[in-house]
Amino acid sequence: MALQLRPNCEYCDKDLPPNSTEARICSYECTFCADCVDTKLHNVCPNCGGGFMPRPIRPATERRPGVCVAKHPPSDKRVHLKYSIEDVAAHSAKHRDIAPEQR
């Protein structure tokens with residue numbers, strides 16, 4: 001099963017195309033831009049409390065049979081936060097000092 005490669009930042013709605021080096025994901029594929037992860041979320045996913053990693057880039061060209069963006073297209077479903085900005089800020093403040101290996 002391939003990553004969904006969601007098309008936008010859930011916080012600011014910035015476009016994050018499949019080849020974006022600015023996309024960050026948590027282990028549940030919640031997707032945010034690097035700026036929001038660094039300045040607003042402080043590396044704490046507002047949905048699960050985990051941290052973020054850069055989202056991998058799916059090859060645009062087929063380097064192995066059947067494996068590329070054309071064969072496994074990214075999601076076109078935009079996802080947005082289900083929590084208020086105030087709740088997200090409180091959640092991040094509460095959990096951002098927890099070491100990544102203890103999250």
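Whatever comes next refers back to the structure up there.
Report on the accompanying structure. As a convention, each chain's residues are numbered from 1 in the sequence order in which they are written. The predicted nature of this model means local features are confined to residues of pLDDT at least 70 and side-chain atom pairs, given and counted, to a pLDDT of 80 or more, with totals for whole chains, interfaces and linings taken over all residues. With hydrogens and water excluded, all non-hydrogen atoms of the structure serve as input to the side-chain values.

Focus: the nonpolar core
One broad rule of soluble globular proteins: the nonpolar side chains tend to lie buried together.
At step 1: Residue types Ala, Val, Leu, Ile, Met, Phe, Trp, Tyr and Cys, when buried and joined through side-chain atoms within 4.5 Å, form a set referred to as a nonpolar core. Only protein chains enter the accessibility calculation, which uses a 1.4 Å probe; a residue whose area is less than 20% of its type maximum is buried, one above 50% is exposed, and one in between is partly exposed. By size, the foremost hydrophobic cluster in this structure holds 15 residues, and its most contacted members are C9, Y11, F32, L41 and F52.
At step 2: For this core, the secondary structure elements donating two or more residues are β2 (31-33) and α1 (34-39). In this description a helix means any DSSP run of H or I spanning at least four residues, a strand means any run of E spanning at least two, and both kinds are numbered starting from the N terminus.

Some remarks on the pattern of salt bridges
At step 1: Salt bridges are counted wherever a side-chain nitrogen of Lys or Arg sits within 4 Å of a carboxyl oxygen of Asp or Glu. Overall, the coordinates contain 3 salt bridges when judged by the stated rule.
At step 2: Across the salt bridge formed by R78 and D13, the nearest N and O atoms sit 3.1 Å from each other. Taken together, the residues span a long stretch of sequence, with R78 in the loop between β3 (53-54) and α2 (85-95) and D13 in the segment before β1 (23-25) at a distance of 65 residues.
At step 3: Accessibility expressed as a relative area gives 34% for R78, which makes it partly exposed.
At step 4: Across the salt bridge formed by D15 and R78, the nearest N and O atoms sit 2.9 Å from each other. Taken together, the residues span a long stretch of sequence, with D15 in the segment before β1 and R78 in the loop between β3 and α2 at a distance of 63 residues.
At step 5: The network of salt bridges with common partners includes D13, D15 and R78.

Some thoughts on the environment of P73
At step 1: Residue position: P73 is located in the loop between β3 and α2.
At step 2: Each C-alpha atom, one on P73 and one on P18, is 8.8 Å from the other, the two residues being 55 residues apart in sequence.

Notes on the environment of E10
At step 1: Along the chain, E10 falls in the segment before β1.
At step 2: Given the relative accessible area of 4%, E10 is considered buried.
At step 3: Look past the residues within four positions of E10 in its chain and what remains in contact with it is C30, T31, F32, N47, V79, H80 and L81.
At step 4: A polar contact is formed between the side chain of E10 and the side chain of R6, at a distance of 3.3 Å. Only heavy atoms matter for contacts: two residues are in contact if any of them lie within 4.5 Å across the pair. Polar contact is defined as a pair of N or O atoms within 3.5 Å, subject to the rule that within protein one atom must be able to donate a hydrogen and the other to accept it, and that residues adjacent in sequence are counted only when both atoms are side-chain atoms.

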